[in-house]
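Now for the letters of each chain:
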Amino acid sequence: MDNSFLAIALLALSTVLIVAEVFLPSGGILAIGTFCSLFTAFYFAWLAWWKTSPAYFFGFTGFAIVLLPSTLVAAFAILPHTRFGRRILLAGPTEEEVVPFAAEEARLKTYLNRHAITVTPLTPNGFIMIDNERINASSEGMIVDRDMTVEIVQVRGTRVIVREVSPDELENKTADGELEDLDSEKSLDFDLPEV
């Protein structure tokens, strides 16, 4: 066999191995085989064409530099459309799965900058009561005791982020008539027993 045939055959083998690496989980063994056959192909191309016609050698090298990445991109483009690809790639949520969460998030955003009462201690997660509704809440990293007044400062998904309101702030808001009537006695606390 002559060196030019071996160079072309090894380049074809490296192309097949790189496609196989995409479709078959080998732990990198096929990728190592790809690089070994590619370097061997370059070696045989050098032996075949470097002294006699360097233009063939550079043409072969340029072709290999374009061929392998193009083949890899094509393999990844085809992968999601195969049965194997659909099994290993995770599909995103459908619109039917996303819409209820988006509606809940939009509803919770109507509570932004309003005050609520903590029903359970926020450590940092717990529950607050606003408009006679129990809502899953998180503090901004600080522990907030039960029956404390908090302000809703952010909505993350189906959870609100709250900040404890100091008594001075509470008095100022009450004096301005901005604080809503918060009745902690109407709330039910069945998460933690009272001590």
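Note: the structure precedes this text.
My aim in this report is to walk through the structure given alongside it, one point at a time. (Residues numbered from 1 in each chain as written. Predicted model: local features only at pLDDT ≥ 70, side-chain atom pairs only at ≥ 80, totals over all residues. Heavy atoms only, no water.)

1. As for the overall build of the protein chain
Within the protein chain, the regular secondary structure consists of six helices and five strands. For the protein chain, with 195 residues in total, the buried portion stands at 30%. Here the analysis covers contacts within the protein chain between residues at least 6 apart in sequence; of these, 52% occur between residues at least 24 apart. Of the accessible surface of the protein chain, which amounts to about 12700 Å², a share of 63% is contributed by carbon and sulfur atoms. (Helix = DSSP H or I, 4+ residues; strand = E, 2+ residues; numbered from the N terminus. Buried < 20%, exposed > 50% of the residue type's maximum accessible area, 1.4 Å probe, protein only. Contact = heavy atoms within 4.5 Å. Areas by Shrake-Rupley, 256 points an atom, 1.4 Å probe, with all protein chains shown as cover.)

2. Here we look at the pairing of strand 4 (residues 149-156)
In the sheet, strand 1 (residues 115-118) pairs with strand 4 via three bridges, with the strands oriented antiparallel. Paired with I117 across the bridge in strand 4 is T149. Two strands pair when backbone bridges link them, and strand 4 and strand 5 (residues 159-164) are joined in this way by six bridges, in the antiparallel orientation. In the sheet register, V155 faces strand 5, and the bridge partner there is V160. (Pairing = 2+ DSSP bridges.)

3. What about the packing of helix 1 (residues 3-23) against helix 2 (residues 29-49)?
Between helix 1 and helix 2, the least distance of the axes is 8 Å, while the angle of their chain directions is 160°. On the basis of the axis angle, helix 1 is roughly antiparallel to helix 2. The element helix 1 and its partner helix 2 pack so that their crossing is left-handed. (Axes fitted to C-alpha atoms, helices over the stretch in contact; angles between N-to-C directions. Parallel < 35°, antiparallel > 145°, perpendicular 65-115°, else oblique. Left-handed = near helix turned anticlockwise from the far one by under 90°.)

4. Topic: the pattern of salt bridges
With the rule as written, the count across this model stands at six salt bridges. Of the charged contacts in the structure, one is a salt bridge between R163 and E140, with a shortest N-O distance of 2.9 Å. Highlighted residues: R163 in strand 5 and E140 in the loop between strand 3 (133-139) and strand 4, separated in sequence by 23 residues. One network of salt bridges, with partners in common, ties together E104, R107 and E133. (Salt bridge = Lys/Arg side-chain N within 4 Å of Asp/Glu carboxyl O.)

5. Description of the sheet that holds strand 3
On the basis of which strands lie adjacent, the closed barrel formed by five strands has the order 1-2-3-5-4 and mixed pairing. Averaged over neighbouring strand pairs, the angle between their axes works out to 55° when direction is ignored. As paired strands, strand 1 and strand 2 (residues 125-130) are joined by two bridges and run antiparallel to one another. Within strand 2, the position partnered with I117 by the bridge is M129.

6. Let's talk about helix 1
Helix length check: helix 1 (21 residues) gives 30 Å between terminal C-alpha atoms against 30 Å at 1.5 Å per residue, within 8%. Tucked inside the fold, the buried residues of helix 1 contact helix 2 and helix 3 (54-78). (Expected span 1.5 Å × (residues − 1).)

7. A look at the packing of aromatic side chains
How two aromatic rings sit relative to each other is given by the distance of their centres and the angle of their planes. For the structure on display, the rule yields eight aromatic pairs. Plain terms: the ring middles of W49 and F60 are 5.6 Å apart, the flat faces sit at 50° to each other, and that makes the pair tilted. Separated by eleven residues along the polypeptide, W49 in helix 2 and F60 in helix 3 bring together distant segments of the chain. With respect to class, W49 is no different from F60; both count as buried. A centroid spacing of 5.6 Å and a plane angle of 65° characterise the contact between F57 and F58, whose relative ring orientation is edge-to-face. By relative accessible area, which is 13% here, F57 ends up buried. (Phe/Tyr/Trp six-rings, centres within 6.5 Å; stacked < 30°, edge-to-face > 60°.)

8. A look at a nonpolar patch on the surface
On the surface, a nonpolar cluster with roughly 520 Å² of combined accessible area is contributed by Y43, W46, L47, W50 and F58. With three residues, the top contributor of residues to the nonpolar patch is helix 2. Mapped onto the fold, Y43 is located in helix 2. Overall, the relative accessible area of 44% leaves Y43 in the partly exposed class. (Patch = residues over 30% accessible without salt bridge, like charges linked within 9 Å, V, L, I, M, F, W, Y side chains within 5 Å.)

9. A closer look at unusual backbone geometry
For the bond from T123 to P124, the omega torsion is -5°, close enough to zero to count as cis. Mapped onto the elements, P124 comes out in the loop between strand 1 and strand 2. Positive phi, close to 50°, is recorded for D131, a residue that is not glycine. Relative to the elements of secondary structure, D131 occurs in the loop between strand 2 and strand 3. Within the chain, D147 stands out as a residue other than glycine whose phi angle is a positive 65°. Of note, D147 is situated in the loop between strand 3 and strand 4. A relative accessible area of 38% means that D147 is categorised as partly exposed.

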